[in-house]
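# Structural overview for review
So you can see what is in the structure, the chains are spelled out below.
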Amino acid sequence: MSSNDRFEMDSMNETEDEGDPQYGMIEEQVVYPEEFLPTYHSISIKEGTVTKAQLTEFNNKPDSLFFNDGVRRIDFILVYEDEDKKDFEKRHTYQRRKRRREFFEASLMKMGMELEATPSVLDDKLLFVKVHMPWEVLCTYAEVLHIKLPIQPNDLSSRPSPWRFLSCITKHFYPNEDLISKESEFFTAPFEKGRLEFFYMKDKDNFFTPSMRSRMANYILSRAPYEIRGSIKKFGITKLLDGGVYKAAYPLHDCRFNVKSKEEGCPNERYLLYEEWAHPKSFYKMQPLDLIRKYYGEKVGIYFAWLGFYTMMLVLAAVVGLGCFIYGYRTRDTSTWSKEVCDPKIGGSIVMCPQCDKECTYWFLNSTCESSKKLCIFDNFGTLVFAVFMSIWVTLFLEFWKRHQAKLDYQWDTVEFLEQEEPPRPEYEAKCVYERKNPITGVKESVPYTPCGRCVRVSIGIGTVLFWILLIVASIVAVIVYRLAVFFAFSAQLRAQDLKKLEPLKEYVTPQMATSVTASLISFVVIMTLNILYERVAVWITDFELPRTKTEYENSLTLKMFLFQFVNYYSSCFYIAFVKGKAVGYPGKPVYLLGQFRNEECDPGGCLMELTTQLSIIMGGKAILNNIQEVLIPWIKNLIFRYCTRTSEKVIPRWEQDYELQPVSKLGLFYEYLEMVIQFGFVTLFVASFPLAPALALANNVFEIRVDAWKITTQFRRNVPEKAQDIGAWQPILQGIAILAVATNAMIIAFTSDMIPRLVYYWSFSMYPYGDHANHTMEGYINSSLSVFNINDFSNKSQPLYSYNITTCRYRDFRHPPGHPRQYEFNVYYWHVIAAKMAFIIVVEHIVYFTKFILSYMIPDVPYAVKEQIKREKYLTQVVLHETKLKLVTKRLKPVYDETVENMEVNAPKEELELDF
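Residues numbered from 1 in each chain as written. Predicted model: local features only at pLDDT ≥ 70, side-chain atom pairs only at ≥ 80, totals over all residues. Heavy atoms only, no water.

## Topic: the environment of T542
Definition in use: Each helix corresponds to a stretch of at least 4 residues labelled H or I by DSSP, and each strand to a stretch of at least 2 residues labelled E; elements are numbered beginning at the N terminus. By definition in these notes, contact holds between two residues if any of their heavy atoms fall within 4.5 Å.
Locating T542 in the fold gives a position in helix α18 (residues 511-545). Apart from residues lying up to four places away in sequence, T542 is in contact with P547, Y553, S556, L557 and K560.

## Quick notes on the packing of aromatic side chains
By convention here, two paired aromatic rings are described through the distance between centres and the angle between planes. Our working definition: Pairing of aromatic rings covers Phe, Tyr and Trp, the last through its six-membered ring, and needs centres within 6.5 Å; plane angles under 30 degrees mean stacked, over 60 mean edge-to-face, and all others mean tilted. Each residue's exposure class comes from its accessible area (1.4 Å probe, protein chains only) as a fraction of the maximum for that residue type: buried when under 20%, exposed when over 50%, partly exposed otherwise. The rule is short: NZ of Lys or CZ of Arg within 6 Å of the ring centre and within 35 degrees of the ring normal puts a charge over the ring.
Counted under the stated rule, the structure contains 53 aromatic pairs. Relative to F199, the ring of F191 lies with its centre 5.3 Å away and its plane at 40 degrees, an arrangement referred to as tilted. Among the residues examined, F191 registers a relative accessible area of 2% and is labelled buried. Positioned over the ring face of Y295 is R718, at 3.7 Å from the centre of the ring.

## Some details on the state of the cysteines
When the sulfur atoms of two cysteines share a covalent bond, that bond is a disulfide. Stated precisely, the cut-off is as follows: Any two cysteine sulfur atoms within 2.5 Å of one another count as a disulfide.
Going through the model one piece at a time under the given rule, you end up with 2 disulfides. Here C342 connects covalently by a disulfide to C369, the sulfurs 1.9 Å from one another. With the S-S dihedral at roughly 100 degrees, the linkage between C342 and C369 falls on the right-handed side. Placement of C342 in helix α13 (residues 336-342) and of C369 in helix α14 (residues 369-378) is noted, with a sequence separation of 27 residues between them.

## Structural notes on the nonpolar core
Cut-off, in case you're wondering: We define a nonpolar core as any set of buried Ala, Val, Leu, Ile, Met, Phe, Trp, Tyr and Cys residues linked to one another through side-chain atoms lying within 4.5 Å.
In this structure, W277, W306, Y310, W393, F397 and F682 are the most contacted members of the largest nonpolar core, which totals 135 residues. Considering each element in turn, this core owes the most residues, 15 residues, to helix α12 (residues 298-330). If sequence neighbours within four positions are ignored, F682 has contacts with Y569, Y570, C573, L615, I618, M619, V687 and A693. Of all hydrophobic cores here, the second largest spans 45 residues; its members include F104, W135, F187 and Y410.

## Description of the sheet that holds strand β9 (residues 248-250)
Sheets are built from strands paired through backbone hydrogen bonds, the pairs being either parallel or antiparallel. Filter applied, for reference: Whether two strands pair comes down to DSSP finding at least two bridges between them. Inter-axis angles, ranging from 0 to 180 degrees, are taken between N-to-C directions of lines fitted to C-alpha atoms, where helices are fitted over the stretch in contact.
The 4 strands lie next to each other as β3-β4-β2-β9, forming an open sheet whose pairing is antiparallel. Edge strands, defined here as strands with exactly one partner in the open sheet, are β3 (114-119) and β9. This sheet shows a mean twist of 20 degrees between the axes of neighbouring strands, independent of strand direction. With 6 bridges connecting them, β3 and strand β4 (residues 126-132) associate as antiparallel partners. By the bridge assignment for β4, L115 is matched with V131.

## What about helix α19 (residues 550-578)?
We count it as follows: An expected span of 1.5 Å times one less than the residue number is assigned to each helix. Fitting one axis to the seven residues ending at a residue and another to the seven starting there, the bend at that residue is the angle between the two axes.
Relative to the 42 Å expected for 29 residues at 1.5 Å per residue, α19 spans 39 Å between its end C-alpha atoms, a close match to the ideal helical length. Within α19, the axis deviates most sharply at Y570, by approximately 45 degrees.

## Notes on the pairing of strand β7 (residues 225-229)
The buried fraction of β7 amounts to 5 of the 5 residues, a majority that puts the element mostly inside the structure. Bridging between β7 and strand β8 (residues 232-235) involves 4 bridges; their strand directions are antiparallel. In the strand pairing of β8, I228 is matched with K233.

Quick look at the structure:
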């Protein structure tokens, strides 16, 4: 492909092309490789080269993976509709699609691929084009894509497992070895066509696995031209699919998922994956990662490896979190502060000030008895220990995952994947209209934009992302306004109008709880709606930026989506944890939002319970909705499609069975990663308020692994296998969340929970006796944590409409009482609590960060045994492929060298020879 050629992807806008007055003149300039067109038609069934008897016999094999000759393997399938059977109204459009399709298929054959067309069994309008890659083409593109293949068996002895004495028990938790045998280990090297004899090849037909063949076929399909107009070449199967030239393009599954293939030589890997991985009966078994990687490619394999490792690590976190929850549950009734709230003589005698203006009335403290008991479940001393534990856990998880990932990189031959030159995306190549000098090679290369143009594209993308983030902030403000307005209404309805009847109408319903639950549900609906809208915007922005490689494309999209999701999912939680109830003033001088709405106050026990409610609703609702979108909808679609098309008397061939399945998303595993990383944020960022989060995440992930496995094995077409060395941009995102989690959990304990004020009260009896307690007890804490307000000091705006025979009320704060020289100003207890909170944050953060640093340093990213194997493989590659070749070259040059020396001895004087030597 010449560097002077101009590449441009077609927009495939049929209406625009048909309305072009120059269309007919342009079509005359289109060049088609006509010398290849007869070849295509000669192998097409429409030309009658296959007899009806042969076709009938072949179609009676529903799991055949070969051409009609039974020899050539099908590496890819293309599907299109026969335009000749369409109505005449859009015949012009159909004819243009047909010309492009014929040009494209002729280009494929010019590149060495073999094609064969066969009609559909169910729909006479559909045609399936089978694609086969001959041996020479496979060798060529295996070298182009740097595919690593075995050179000799692994001769390094593996270290025995320290748990081998438990093998009689653990074997039941692994896939059946009689069905899925352990793969042999080989040292591998990048394939070189000229050194084929040095590679370990038992069977030429199976030297390249089906996933390798599909990957190479997709590479060719993505770069084959379908139209040439002068110096402009238009190419790529992606645009042909978008424009309707082809309806689908996919590699084949090797068999039905629930029926073993009877074809000779069929590995039945899909059936094995279903039985030992995707079937519900195998939920307790470890994943067959090697077989997943072999069948679906390294990118899918690394996702399920990461998800499985994350789930295993959650077991420890879930056990500790569950223990913390049980401890809080068992002590909720014995907690001193909850008993004081519920005590009729203490909580029942404390009249609280109204929490809103006018309509709100006074209420007794013991009306929050049940919510106080619930709060004690999550806000106790065990929560502090658990928050510190989770900060250490997340470091161990990331460090041990790096080690596990390094082991998989070696086993799956992806150690040097990123060091190889990744080919540009077809969409990038198609827009290359400018030239620049490569700063590394010094060679001129084509690029799609100038440096100034790239800055404009990136700036537009950043501006769009910021606009949507501001839109989320606006939605959060709207929810806050809803909270304020609804709390006013709930307070008026749920509070009695008589001082003797200040109990709530229902035992478990309070204005705060009703407001929290409804606001959380509305927030969840807003979050999911904005997600749907922004996903399309993020894809459009990334397409507009035009990244060069697929890795760059995915990393750019990942960053945009995560920034949006981070603000979208976590902003409401950050508001409850760090904003709500922090700037409310006091009853005589409350703080108003927008000058109209009085800021929300927390319960006397703080906002921790509301944060717990918010987290549980978002986590639970998100999991349920994602499973409906990912599993139920594809299953219903496939069921409807089979019901409408399937007939009992016809045998459906393998390629048509796969066509009935759902297509694989263009973004592949992106949304699966995004779902799990958002969950990881909930588990780590706010775990101090919800110790059950790891347990819920564990239960969800055990289900998620099998659901994802069932989905891709039974409901979707086979994806194009892709290489991947790691989880990509998600790795630094996880590390960023882990660092942020230390700060958020320390701040939740300090500012959201009531832990620090209790500790200050508990340890202050000797120096500052804030209460009546004479020793280390929590007696009198509730009374000391509530300030006194004179009802005569209400302003006209906040004065309650209903008056009672009381003179004072209480509110949650640490202020001087009325009549004090500094009335309603913060007292010394307040400043001691603030100092304790800041000291707690600083000390905990430094201790945890130091511990994380030590652990990161002590745990190497690559195991020592893997390092040895990598060095051994590099040594063998150098010896087998390079030194052997050097010896052959030296042997060939030796006769020439000897002859040259003899001529020098004959023709040159002896003195000159001696001088030369």
